[in-house]
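Structural features, examined
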Amino acid sequence: MPKGLYPIIGMKHRGPEAVKIVAALARDEALVLERDPANQYDPNAVKVIARGEHVGFVPKALAALLAKDMAEMGKESLTAKFAFDSARAPCAMVEEGQP
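In this report, we go over the structure that sits alongside the text.

Procedures and definitions
- Residues numbered from 1 in each chain as written.
- Predicted model: local features only at pLDDT ≥ 70, side-chain atom pairs only at ≥ 80, totals over all residues.
- Heavy atoms only, no water.
- Pairing = 2+ DSSP bridges.
- Helix = DSSP H or I, 4+ residues; strand = E, 2+ residues; numbered from the N terminus.
- Axes fitted to C-alpha atoms, helices over the stretch in contact; angles between N-to-C directions.
- Contact = heavy atoms within 4.5 Å.
- Buried < 20%, exposed > 50% of the residue type's maximum accessible area, 1.4 Å probe, protein only.
- Polar contact = N/O pair within 3.5 Å; in protein donor to acceptor, adjacent residues only side chain to side chain.
- Phe/Tyr/Trp six-rings, centres within 6.5 Å; stacked < 30°, edge-to-face > 60°.
- Lys NZ or Arg CZ within 6 Å of the ring centre and 35° of its normal.

1. Observations concerning the sheet that holds strand β4 (residues 53-57)
One open sheet holds the six strands; their spatial order is β1-β6-β5-β2-β3-β4, and the pairing between them is antiparallel. Lying at the two open borders of the sheet, with one neighbouring strand each, are β1 (4-7) and β4. Here the average twist between neighbouring strands, direction ignored, is 40°. Relative to strand β6 (residues 90-94), β1 is paired through four bridges, and the arrangement is antiparallel. Within β6, the residue paired with Pro7 across the bridge is Cys91. Sheet contacts for helix α2 (residues 16-24): β3 (46-50), β4, β5 (77-84) and β6; angle to β4, the most-contacted strand, approximately 85°.

If you want it as structure tokens, here you go:
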């Protein structure tokens, strides 16, 4: 880890603007995965940022692993690209070579 495909969840909870932004994203468009240790529900939360807006989260189980790896690397954020999984669900793709 962190190379991989991370589903984007919680868009509807972020509001209609987040849903619109994600729906308009082009494949390979830049995203940022950002640790959110102050999150009241999950100190391992990882936010997904698209077009400068917080649009969702990485699922809790994956976020716990990802946040741990990011902390070990001394990173608060990672760059990613917008992608879809095999079920056409929106995802953040972290590619090989990510520092």
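Anyway, onward from the coordinates.
2. Things to note about the pairing of β6
Of all five residues in β6, four are buried, a share of seventy percent or more. The sheet contact formed by β5 and β6 spans four bridges and is antiparallel. The partner of Lys81 across the bridge, within β6, is Met93.

3. Comments concerning the side chain of His54
When you line up the elements, His54 lands in strand β4. A relative accessible area of 17% means that His54 is categorised as buried. Among the polar contacts listed, one links the side chain of His54 to the side chain of Arg14, at a separation of 3.2 Å. Of the polar contacts made by the side chain of His54, one reaches the backbone oxygen of Gly56; its length is 3.1 Å. Other than its neighbours up to four places away in sequence, His54 contacts Arg14, Ala18, Lys47, Val48 and Ile49.

4. What to know about the packing of aromatic side chains
Aromatic ring pairs: the centre-centre distance and the angle between the two ring planes describe each pair. Counted under the stated rule, the structure contains one aromatic pair. With centroids separated by 5.0 Å and ring planes inclined at 75°, the aromatic side chains of Phe82 and Phe84 adopt a geometry described as edge-to-face. When its relative accessible area of 0% is taken as the criterion, Phe82 is described as buried. The ring of Phe84 carries the charged tip of Arg88 above its face, separated from the ring centre by 4.0 Å.

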